[in-house]
Amino acid sequence: MIGLLLVLLLFGLIAGALARLLLPGRDPMGIPMTILLGLAGSFLGGLIGSVLFGNTHHAFRPAGLLGSVLGALFLLLLYRSMSRGRRERRESARQL
């Protein structure tokens, strides 16, 4: 059981780090958030893969490394677009 958790944490870290390396920019997230990004990207990649390739008997399952990184890239873009809006609102409030 502990071995499985360690493998999941390592896999999430690798997938999240690869996504952050492929999409350069400033992301104020530490190692725990990078792991969560990779794990969430894995499940998103698995869901998208099952929809695209018709394997719907297990619609919610983790993907391989490629699907995990692609899912994490999508989530990272979503995170950046959401945080950019908050940052712009804070900066406009400071100018008042």
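Residue numbering note: each chain is counted from 1, following its sequence as written. With pLDDT at 70 or above as the cut-off, local features in this predicted model cover only qualifying residues; side-chain atom pairs require 80 or more to be listed or tallied, and sums for whole chains, interfaces and linings still use all residues. Values shown for side chains rest on all heavy atoms present in the structure; no hydrogens or waters enter the calculation.

Participant: I tried to follow the confidence of the model for the protein on my own but got confused; where do I start?
Facilitator: Where the model shows low pLDDT, its predicted coordinates should not be examined in detail. Per-residue confidence from the predictor is given as pLDDT, running between 0 and 100. On average, residues of the protein score 81 in pLDDT, and 78% of them reach the 70 mark or higher. Each helix corresponds to a stretch of at least 4 residues labelled H or I by DSSP, and each strand to a stretch of at least 2 residues labelled E; elements are numbered beginning at the N terminus. The secondary-structure element of the protein with the lowest mean pLDDT is helix α3 (residues 65–95), recorded at 79, while helix α1 (residues 2–22) shows the highest, at 89.

Participant: Help me understand the side chain of Thr-34, please; the structure alone is not making it clear to me.
Facilitator: Mapped onto the secondary structure, Thr-34 falls in helix α2 (residues 31–53). Since its relative accessible area comes to 4%, Thr-34 is described here as buried. Any N or O atom pair separated by 3.5 Å or less is treated as a polar contact, with the protein-specific requirement of one donor-capable and one acceptor-capable atom, and with residues adjacent in sequence counted only for side-chain atom pairs. Polar side-chain contacts of Thr-34 include one of 2.8 Å to the side chain of Arg-20. Contact partners of Thr-34, with chain neighbours within four places excluded, come to Gly-12, Leu-13, Gly-16, Ala-17, Arg-20 and Met-29. Accessible area is worked out with a 1.4 Å probe on protein chains only. A residue is then buried under 20% of its type maximum, exposed over 50%, and partly exposed in between. Whether two residues touch is decided by their heavy atoms; if any such pair falls within 4.5 Å, the residues are in contact.

Participant: Just to check I follow, could you spell out a nonpolar patch on the surface for this structure?
Facilitator: A contiguous nonpolar patch, built from Leu-10, Ile-14, Leu-18, Leu-21 and Leu-65 and spanning about 450 Å² of accessible area, is present on the exposed surface. Considering every element that reaches the nonpolar patch, the biggest residue donor is α1, with four residues. In this structure, Leu-10 sits in helix α1. Patch rule: a residue counts if its relative accessible area is over 30% and it has no salt bridge; like charges are joined within 9 Å, and nonpolar side chains (Val, Leu, Ile, Met, Phe, Trp, Tyr) within 5 Å. In short, Shrake-Rupley with a 1.4 Å probe defines the accessible areas, and a residue's cover is counted only from the protein chains shown. Salt-bridge detection follows one rule: a side-chain nitrogen of Lys or Arg within 4 Å of a carboxyl oxygen of Asp or Glu.

Participant: Can you help me understand the packing of α1 against α2 in this one?
Facilitator: When two helices pack together, their arrangement is given by the angle between the helix axes and by the axis-to-axis distance. Between α1 and α2, whose axes approach to 7 Å, the crossing angle comes to 90°. Classified by the interaxial angle, the pair formed by α1 and α2 is roughly perpendicular. In contact with Leu-8, Leu-9, Phe-11, Gly-12, Leu-13, Ala-15, Gly-16, Ala-17 and Arg-20 of α1, α2 contributes Ile-31, Thr-34, Ile-35, Leu-37, Gly-38, Leu-39 and Ser-42. Three categories are distinguished: nonpolar for Ala, Val, Leu, Ile, Met, Phe, Trp, Tyr, Cys and Pro, charged for Asp, Glu, Lys and Arg, and polar for the others, with Gly belonging to the last. Classifying every residue of the contact of α1 with α2 by side-chain character gives 10 nonpolar, five polar and one charged. Every axis in this analysis is a line fitted to C-alpha atoms, fitted for helices over the stretch in contact. Angles between the N-to-C directions lie between 0 and 180 degrees. What sets the label is the angle itself: under 35 degrees gives roughly parallel, over 145 gives roughly antiparallel, 65 to 115 gives roughly perpendicular, and the rest give oblique.

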